[in-house]
Amino acid sequence: WIEPAFVHYGYLDHPDTGYDYDEVTASISYQQRATASVSWSPNTSKRTYQGFVWDKQAMAYELSLLQPLHSRWSAYAGVGYYDLHELVDTGYWYWSTGIAFTWQNMQVDVLHIDTDSTATRLFDSGSGWTAALTWRF
């Protein structure tokens, strides 16, 4: 089945609030374990080695796997490509692994994310940890 989603990414503790952006995603899943997603953002802004680029379109393509471990716990792994051609004339590969805890309509994810050398070169970033809270209604 195809699941649409809208997400707003807000960087509340970042001194430059220009990083906030919106994203529309369409995902198709098989048994809620394997998911392919396509995401579009109309207003992505990034600070790069070229300076700050404002409100450009970006696309992301991702394949992820979710393996149940226990009644509310799951292991996660994913790989994707972030297409930033309108911002910086290129894109980069990323991958992640972690755990998810689900309770009613909420899910908490703790992930380790890494990228290829293009992201490191463009944004002086690479691997790191992240947590996300998702509420489905």
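Computed from a predicted model, the values in this text were never measured in an experiment.

## A closer look at the overall build of the chain
Reasoning step 1: A tally of regular secondary structure across the chain gives 2 helices and 8 strands.
Reasoning step 2: The order of α-helices and β-strands along the chain, N terminus first, is β-β-β-β-β-α-β-β-α-β.
Reasoning step 3: Relative to a compact globule of 137 residues, whose C-alpha radius of gyration would be 14 Å, the chain shows 15 Å and is just as compact.
Reasoning step 4: Within the span of the chain, comprising 137 residues, buried residues form 33% of the whole.
Reasoning step 5: Summing over all exposed atoms, the chain offers an accessible surface of approximately 9000 Å²; the carbon and sulfur share of this is 59%.

## Section: the pairing of strand 8 (residues 128-135)
Reasoning step 1: With 0 of its 8 residues buried, strand 8 lies for the most part at the surface.
Reasoning step 2: Where strand 7 (residues 106-115) meets strand 8, 8 bridges bridge the pair, whose relative direction is antiparallel. Bridge pairing in strand 8 links Gln107 to Thr134.

## Observations regarding a nonpolar patch on the surface
Reasoning step 1: Taken together, the side chains of Leu69, Trp73, Ile99, Trp103, Met106, Val108, Val110, Trp129, Leu133, Trp135 and Phe137 make up a nonpolar region of the molecular surface, amounting to roughly 1300 Å² of accessible area.
Reasoning step 2: Put simply, the parts of the chain that give the nonpolar patch at least two residues each are strand 6 (90-103), strand 7 and strand 8.
Reasoning step 3: Positionally, Phe137 belongs in the segment after strand 8.
Reasoning step 4: Assessed through its relative accessible area of 83%, Phe137 is described here as exposed.

## Focus on unusual backbone geometry
Glycine aside, a negative phi is what most residues show, and trans is what most peptide bonds show.
Reasoning step 1: Look at Gln32: it is not a glycine, yet its phi comes out positive at around 55 degrees.
Reasoning step 2: In this structure, Gln32 sits in the loop between strand 2 (21-30) and strand 3 (34-48).
Reasoning step 3: Even without being a glycine, Asp89 presents a positive backbone phi close to 60 degrees.
Reasoning step 4: You can call Asp89 exposed: its relative accessible area is 63%.

## Some remarks on the packing of aromatic side chains
Reasoning step 1: This model, assessed by the stated rule, comprises 4 aromatic pairs.
Reasoning step 2: Residues Tyr9 and Tyr21 carry aromatic rings whose centres are separated by 4.7 Å and whose planes lie at 20 degrees to one another, so their mutual orientation is stacked. Remark: Tyr21 occurs in strand 2 and Tyr9 occurs in strand 1 (residues 2-9); sequence separation between them is 12 residues.

## Let's talk about the sheet that holds strand 8
Reasoning step 1: Reading across the sheet, the 8 strands line up as 1-2-3-4-5-6-7-8 and stay open at both edges, with antiparallel pairing between neighbours. If you trace the sheet from one side to the other, it starts and ends with strand 1 and strand 8, each paired once. Strand after strand, the sheet turns through a mean of 25 degrees between neighbouring axes, direction not considered.
Reasoning step 2: In terms of strand pairing, strand 6 meets strand 7 through 10 bridges, oriented antiparallel.

Conventions adopted
Residues numbered from 1 in each chain as written. Predicted model: local features only at pLDDT ≥ 70, side-chain atom pairs only at ≥ 80, totals over all residues. Heavy atoms only, no water. Helix = DSSP H or I, 4+ residues; strand = E, 2+ residues; numbered from the N terminus. Rg over C-alpha atoms; globule rule 2.2 N^0.38 Å. Buried < 20%, exposed > 50% of the residue type's maximum accessible area, 1.4 Å probe, protein only. Areas by Shrake-Rupley, 256 points an atom, 1.4 Å probe, with all protein chains shown as cover. Pairing = 2+ DSSP bridges. Patch = residues over 30% accessible without salt bridge, like charges linked within 9 Å, V, L, I, M, F, W, Y side chains within 5 Å. Salt bridge = Lys/Arg side-chain N within 4 Å of Asp/Glu carboxyl O. Phe/Tyr/Trp six-rings, centres within 6.5 Å; stacked < 30°, edge-to-face > 60°. Axes fitted to C-alpha atoms, helices over the stretch in contact; angles between N-to-C directions.

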